[in-house]
Number of protein chains: 2
Amino acid sequence: MTGARRGGRPPLISRDDVVAAAIAIIDAEGLDALTMRGIGARLGVAAMSLYRHLPNRDAVLAAVVNRLVTEVVVDVPADARWPDALRALALGYREMLLRHPHAVPLLATQPVDVDTGMALAAPALDRSRAAGIGADDAVTAVQSVIVFVLGHALAQVGTPPGADDAPPAAPAGYYDRWFTAGLDAMIHGFTRTGDGP
Amino acid sequence: MTGARRGGRPPLISRDDVVAAAIAIIDAEGLDALTMRGIGARLGVAAMSLYRHLPNRDAVLAAVVNRLVTEVVVDVPADARWPDALRALALGYREMLLRHPHAVPLLATQPVDVDTGMALAAPALDRSRAAGIGADDAVTAVQSVIVFVLGHALAQVGTPPGADDAPPAAPAGYYDRWFTAGLDAMIHGFTRTGDGP
DNA sequence: ACCTGAACACCGTTCAAGT
DNA sequence: ACCTGAACACCGTTCAAGT
């Protein structure tokens with residue numbers, strides 16, 4: 001009943017193909033290299049064919065963002081408590097960002113679908129209930145952690161391996177240590193059991 | 001001795017003019033509307049004249065970022081302690097970001113000159129010494145706070161007043177409350193006097 | 001229904017030329 | 001030294017046409 005397509009030419013490409021090709025180009029050549037003509041070329045199709053599957057370039061970018069967020073793996077052990085669940089969310093999100101460094105500015109800019117965001121946060125939010133945290137407070141903590149992870153990743157990949165005047169190139173573990181310190185501080189601040197001013 | 005320009009046609013525009021015009025366009029029409037032709041038009045000059053003062057469009061963007069960061073006002077009272085100095089830095093930086101919402105993605109993407117970043121952080125770092133915090137730890141705290149402020153601002157201005165499908169439009173104080181909670185957590189986490197896990 | 005080539009209105013940037 | 005118009009090699013997107 002739904003979407004019963006009768007007759008007509010069978011499609012050469014799908015919406016998913018377009019999104020996958022876009023991600024491949026971003027990863028390989030960077031965000032600036034992502035053109036409608038380039039996506040078409042990668043799929044062996046004219047650029048104009050893409051408009052049959054997505055309304056415009058912005059829609060491609062939005063779809064890329066949601067696809068990448070969906071691919072985040074949040075590994076929350078069964079016996080994890082609220083602080084550890086927050087940490088697992090942060091680590092999983094950061095892993096995805098560093099796997100797609102050229103896409104980080106996109107993730108920072110394009111809003112994520114509500115459903116996709118909920119699915120990402122769900123494992124952590126589950127543990128907040130067990131810890132007796134109010135729903136609003138839990139959401140605030142999750143969003144704050146995500147925002148820190150994103151901001152930190154932007155700083156880390158901010159001068160991508162394309163710029164000529166890359167600063168002395170921070171030592172290997174520099175960003176990891178900074179990330180851990182910042183995340184620890186935030187999680188500690190959010191999960192302390194209400195003490196003084 | 002230095003830069004003694006003798007003879008030649010006097011300049012109609014300066015590098016500063018280009019940067020100021022760029023910021024005006026970004027604030028008024030958004031980042032996408034910032035074109036070399038547009039900047040030229042605003043200054044009553046052909047687009048190609050700009051290349052006499054800045055090497056290319058990316059250089060304009062970099063200059064805009066550094067100009068905006070320079071304009072941040074960090075109000076650290078004379079008797080402020082380390083945690084309050086961190087807070088003042090966060091508030092001042094956020095104020096600038098929300099004054100230039102269309103420029104936030106730029107601030108998130110373009111690296112800031114080392115000198116400009118140092119000047120921004122200096123007042124807070126001063127107070128860290130008085131508090132007996134190690135220099136490295138102080139820098140980590142400052143950078144983490146900045147990264148949180150930036151990430152939060154991205155979330156707040158992420159769906160700018162151009163998008164049609166703006167979500168229910170979060171209630172007025174929503175982002176302010178989230179910001180305060182996240183900042184409090186981070187500052188508390190960074191300034192606690194080293195207790196157990 | 002899906003794909004295509006040609007065309008339009010833009011970009012950033014280069015170049016040779018003007019004053 | 002500084003500014004300019006014309007031109008080049010790109011963009012995203014629309015349109016009328018093909019199968």
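For clarity, every value in this text was computed on a predicted model and none was experimentally measured.

(A) Fine view of the overall build of chain A. What chain A contains, in helices and strands, is 8 helices and 0 strands. Its helices and strands taken in sequence order, chain A reads α-α-α-α-α-α-α-α from the N to the C terminus. Residue burial in chain A is summarised as follows: out of 197 residues, 42% are buried. Considering only intrachain contacts with a sequence separation of at least 6, the fraction spanning at least 24 residues in chain A is 75%. Of the accessible surface of chain A, which amounts to about 10800 Å², a share of 54% is contributed by carbon and sulfur atoms.

(B) Representation of the UniProt feature "DNA-binding region" (unreviewed entry) in chain A in the model. Under the UniProt annotation, the feature "DNA-binding region" (unreviewed entry) is placed at residues 35-54 of chain A. Secondary structure over residues 35-54 of chain A splits into 40% helix and 0% strand, and the C-alpha atoms at its two ends are 14 Å apart.

(C) Fine view of the relation of the copies chain B and chain A. By a simple turn and slide, chain B fits onto chain A: the slide is 0.0 Å along the axis, the RMSD is 0.0 Å, and the turn is 180°. The relationship between the two copies is best expressed as a two-fold rotation axis. Of the interface residues in chain B, 100% have counterparts in chain A that sit at the interface too, so the contact is made through matching surfaces.

(D) Fine view of the side chain of A:S144. As for its position among the elements, A:S144 is in helix α7 (residues 135-157). A polar contact is formed between the side chain of A:S144 and the backbone oxygen of A:T140, at a distance of 2.8 Å. Apart from residues no more than four positions distant in its own chain, A:S144 is found in contact with A:M186, A:F190, B:F148, B:W178 and B:G182.

(E) Representation of the UniProt feature "domain: HTH tetR-type" (unreviewed entry) in chain A. Mapped onto the present numbering, the UniProt feature "domain: HTH tetR-type" (unreviewed entry) falls on residues 12-72 of chain A. For residues 12-72 of chain A, the helix share is 61%, the strand share is 0%, and the end-to-end C-alpha distance is 29 Å.

(F) Geometry of the interface of chain B and chain A. Of the residues lining the interface, 27 residues belong to chain B; the matching set on chain A comes to 27 residues. Roughly 2200 Å² is buried in total at the junction of chain B and chain A, and carbon and sulfur atoms are behind 66% of that figure. Among the residues of chain B in contact with chain A, B:V147, B:W178 and B:H188 are the three that bury the most area, contributing 25% of the side total. In this structure, the connection of chain B to chain A is made through 0 salt bridges. Our count for the chain B to chain A interface comes out at 6 residue pairs in polar contact (both at pLDDT 80 or more). Residue assignment for the side of chain B that touches chain A shows that the elements contributing at least two residues are α5 (104-109), α7 (135-157) and α8 (174-191) of chain B. Looking at the side of chain B that touches chain A element by element, the count peaks at 10 residues for α8(B).

(G) A look at the pattern of salt bridges. All names here are of chain A. By the definition in use, this model includes 10 salt bridges over all chains. In this structure, R87 engages D184 in a salt bridge whose closest nitrogen and oxygen atoms are separated by 2.7 Å. One end of the pair, R87, is in helix α4 (residues 82-99); the other, D184, is in helix α8 (residues 174-191), with 97 residues separating them in the sequence.

(H) Inspection of the environment of A:A47 at higher detail. All names here are of chain A. Mapped onto the elements of the fold, A47 is located in the loop between α2 (36-43) and α3 (57-70). When the C-alpha atoms of A47 and T35 are compared, they prove to be 8.8 Å apart, with 12 residues separating the residues in sequence. Apart from residues lying up to four places away in sequence, A47 is in contact with M36 and R37.

(I) Highlighting the nonpolar core. Membership of the largest hydrophobic core comes to 130 residues, with the highest contact counts inside it found for A:Y93, A:L107, B:Y93 and B:L107. Not counting residues up to four positions away in its chain, the partners in contact with A:Y93 are A:V72, A:L107, A:L120, A:I146, A:V149 and A:L150.

(J) The side chain of A:N66, seen in detail. All names here are of chain A. By the element assignment, N66 lies in helix α3. Look at N66 and you get buried, because its relative accessible area is 11%. In this structure the side chain of N66 is engaged in a polar contact, spanning 2.9 Å, whose partner is the backbone nitrogen of D113. Contact partners of N66, with chain neighbours within four places excluded, come to V112, D113 and T116.

(K) Geometry of the packing of α7(A) against α8(A). Residue and element names in this part refer to chain A. Orientation of α7 relative to α8, taken along the N-to-C sense of each, is 165°, at an axis distance of 11 Å. By the angle between their axes, α7 is roughly antiparallel relative to α8. Read as a crossing pair, α7 and α8 show a hand that is right-handed. Across the interface between the two elements, T140, A141, S144, V145, F148, V149, H152, A155 and Q156 from α7 touch Y175, W178, F179, G182, L183, M186 and F190 from α8. When grouped by side-chain class, the residues that make up the contact of α7 with α8 number 11 nonpolar, 5 polar and no charged.

(L) Inspection of the packing of aromatic side chains at higher detail. All names here are of chain A. Tallied over the full model, the rule gives 8 aromatic pairs over all chains. With a centroid separation of 5.1 Å and an interplanar angle of 80°, the aromatic rings of Y174 and Y175 are classed as edge-to-face. Its relative accessible area of 28% is what places Y174 among the partly exposed residues. The ring centre of F179 lies 4.3 Å from the NZ or CZ of R94, which sits over that ring.

The rules behind each value
- Residues numbered from 1 in each chain as written.
- Chains lettered and ligands numbered in written order.
- Predicted model: local features only at pLDDT ≥ 70, side-chain atom pairs only at ≥ 80, totals over all residues.
- Heavy atoms only, no water.
- Helix = DSSP H or I, 4+ residues; strand = E, 2+ residues; numbered from the N terminus.
- Buried < 20%, exposed > 50% of the residue type's maximum accessible area, 1.4 Å probe, protein only.
- Contact = heavy atoms within 4.5 Å.
- Areas by Shrake-Rupley, 256 points an atom, 1.4 Å probe, with all protein chains shown as cover.
- UniProt positions renumbered as here; feature names shortened; annotations may be inferred.
- Least-squares fit on C-alpha atoms with pLDDT ≥ 70 in both.
- Polar contact = N/O pair within 3.5 Å; in protein donor to acceptor, adjacent residues only side chain to side chain.
- Buried area = accessible area lost by both parts, 1.4 Å probe.
- Salt bridge = Lys/Arg side-chain N within 4 Å of Asp/Glu carboxyl O.
- Core = buried A, V, L, I, M, F, W, Y, C linked by side-chain atoms within 4.5 Å.
- Axes fitted to C-alpha atoms, helices over the stretch in contact; angles between N-to-C directions.
- Parallel < 35°, antiparallel > 145°, perpendicular 65-115°, else oblique.
- Left-handed = near helix turned anticlockwise from the far one by under 90°.
- Nonpolar A, V, L, I, M, F, W, Y, C, P; charged D, E, K, R; others polar.
- Phe/Tyr/Trp six-rings, centres within 6.5 Å; stacked < 30°, edge-to-face > 60°.
- Lys NZ or Arg CZ within 6 Å of the ring centre and 35° of its normal.

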